[in-house]
Amino acid sequence: MKLLHLDSSVLGPHSVSRQVSAAVVERLRQANPGLQTVYRDLTATPLGHLTGLHLAAGQGAAPEASLRDDIAAGQAVLDEFLAADIVVIGAPMYNFTIPSQLKAWIDRILVAGKTFKYSAQGVEGLAGNKRVIIAVSRGGYYGAGTPMAALEHLETYLRSVFGFIGVRNPEFIAADGIQVGPEHREKAVAGALQAAGSLAAA
Ligand SMILES: Cc1cc2nc3c(=O)[nH]c(=O)nc-3n(C[C@H](O)[C@H](O)[C@H](O)COP(=O)(O)O)c2cc1C
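Residues numbered from 1 in each chain as written. Predicted model: local features only at pLDDT ≥ 70, side-chain atom pairs only at ≥ 80, totals over all residues. Heavy atoms only, no water.

(A) Highlighting the site of the ligand. For the ligand, the set of nearby residues contains 17 residues, the closest of which are Ser-9, Ser-17, Met-93, Ser-137 and Tyr-142. In this structure, Ser-9 approaches the ligand through a side-chain N or O atom, which is 2.6 Å from an oxygen atom. In the environment of the ligand, an oxygen atom lies 2.7 Å from a nitrogen or oxygen atom belonging to the side chain of Ser-15. (Near = heavy atom within 4 Å. Polar contact = N/O pair within 3.5 Å; in protein donor to acceptor, adjacent residues only side chain to side chain.)

(B) Spotlight on the sheet that holds strand E3 (residues 86-92). Reading across from one edge, E2-E1-E3-E6-E7 is the order of the five strands in this open sheet, with parallel pairing throughout. Each having just a single partner strand, strand E2 (36-41) and strand E7 (171-175) make up the two edges of the open sheet. Across this sheet, the average inter-strand angle for adjacent strands is 15°, counted without regard to direction. (Pairing = 2+ DSSP bridges. Helix = DSSP H or I, 4+ residues; strand = E, 2+ residues; numbered from the N terminus. Axes fitted to C-alpha atoms, helices over the stretch in contact; angles between N-to-C directions.)

(C) Expanded view of the nonpolar core. Counting 31 residues, the largest nonpolar core has Phe-81, Ile-89, Leu-102, Trp-105, Ile-134, Leu-158 and Phe-162 as its most contacted members. When residues of this core are traced back to their parent elements, those giving at least two are strand E1 (2-7), helix H3 (68-83), E3, helix H4 (100-109), strand E6 (131-137) and helix H5 (155-164). Examining the composition of this core, we find that five residues originate from one element, H4, more than from any other. Discounting chain neighbours no more than four positions away, the residues touching Ile-134 are Ile-89, Ala-91, Leu-158, Phe-162, Pro-170, Glu-171, Phe-172 and Ile-173. Counting residues in hydrophobic clusters, the runner-up holds 19 residues, among them Val-25, Val-88, Ala-192 and Leu-199. (Core = buried A, V, L, I, M, F, W, Y, C linked by side-chain atoms within 4.5 Å. Buried < 20%, exposed > 50% of the residue type's maximum accessible area, 1.4 Å probe, protein only. Contact = heavy atoms within 4.5 Å.)

(D) Spotlight on the environment of Glu-152. One can find Glu-152 in the loop between E6 and H5. Once the C-alpha coordinates of Glu-152 and Asn-95 are considered, the two residues, 57 residues apart in sequence, prove to be 9.6 Å apart. With residues near it in sequence (within four places) discarded, Glu-152 still touches Met-93, Phe-96, Arg-138 and Tyr-142.

Structure follows, in C-alpha cells:
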C-alpha cells in the first residue's frame, strides 16, 4: 500500500497542520507495517502557477525551455497522486482558504482523462479508489451557526475538489481556534492528535 504525505504550511516547525498530518501518517504506518510513504513539502519545493503555456504543453506543444522543469514537476506530482492508495494532506487556513502552494498542487492533479472525465452523464471522478485524510488547522472557529461560518472556504473547497474527482468521503481532522489563545491552541492540538491516533487502520 502506498501513502502520499503532503504539507503546505509556511510555518515550518511551528505549524499545527504539519504536526497533525505527521501524526496521521505515524498512526497509519504503525497500523500498516508495509506502508510505502512518499513525502512532498509543497512550500519547500513549490510548483509554479498554472499558465497558458502549461496548458498548451498539456495539449502537445513543445514546452518552453524555462518551463520544462516545472512541467516535469507537475507530471511527477500527478504520478505520485495516481499511484497513492492513501493521501494525507496538511492544510492550514490562510485567508479563509488553502495556501496557494496547495492550490498549485490541485491545479496539477485535476486533469481531464487522468482524475476525472466528461461523459454523457456529466463529470465522472476517476480517483474514487483513494482514501484522503486532511489535517486542517484554523486560527478561529467556523462551525455551523458561528458568526464566521460563511467564511469557511477551506474544508468546503477541499470537499468539492476531492468529490469532483470521485473521493466521496475525505476524512478531516481539524485543530480550530489556534489563534484564539494558548489554552484554545493546546486543547485543539491535543484533540486533533488524539483523533489522528484513533483513525481507522485502513
Ligand atoms: C498568512 C496567514 C493567514 C491566516 N488566515 C487565517 C484565516 O483567514 N482564518 C483563520 O481562522 N486563521 C487564519 N490564520 C491562522 C492560521 O489558520 C492558524 O495559525 C493555523 O494554525 C495555521 O496552520 P499552520 O500552523 O499549519 O500553518 C492565518 C495565518 C497566517 C499565517
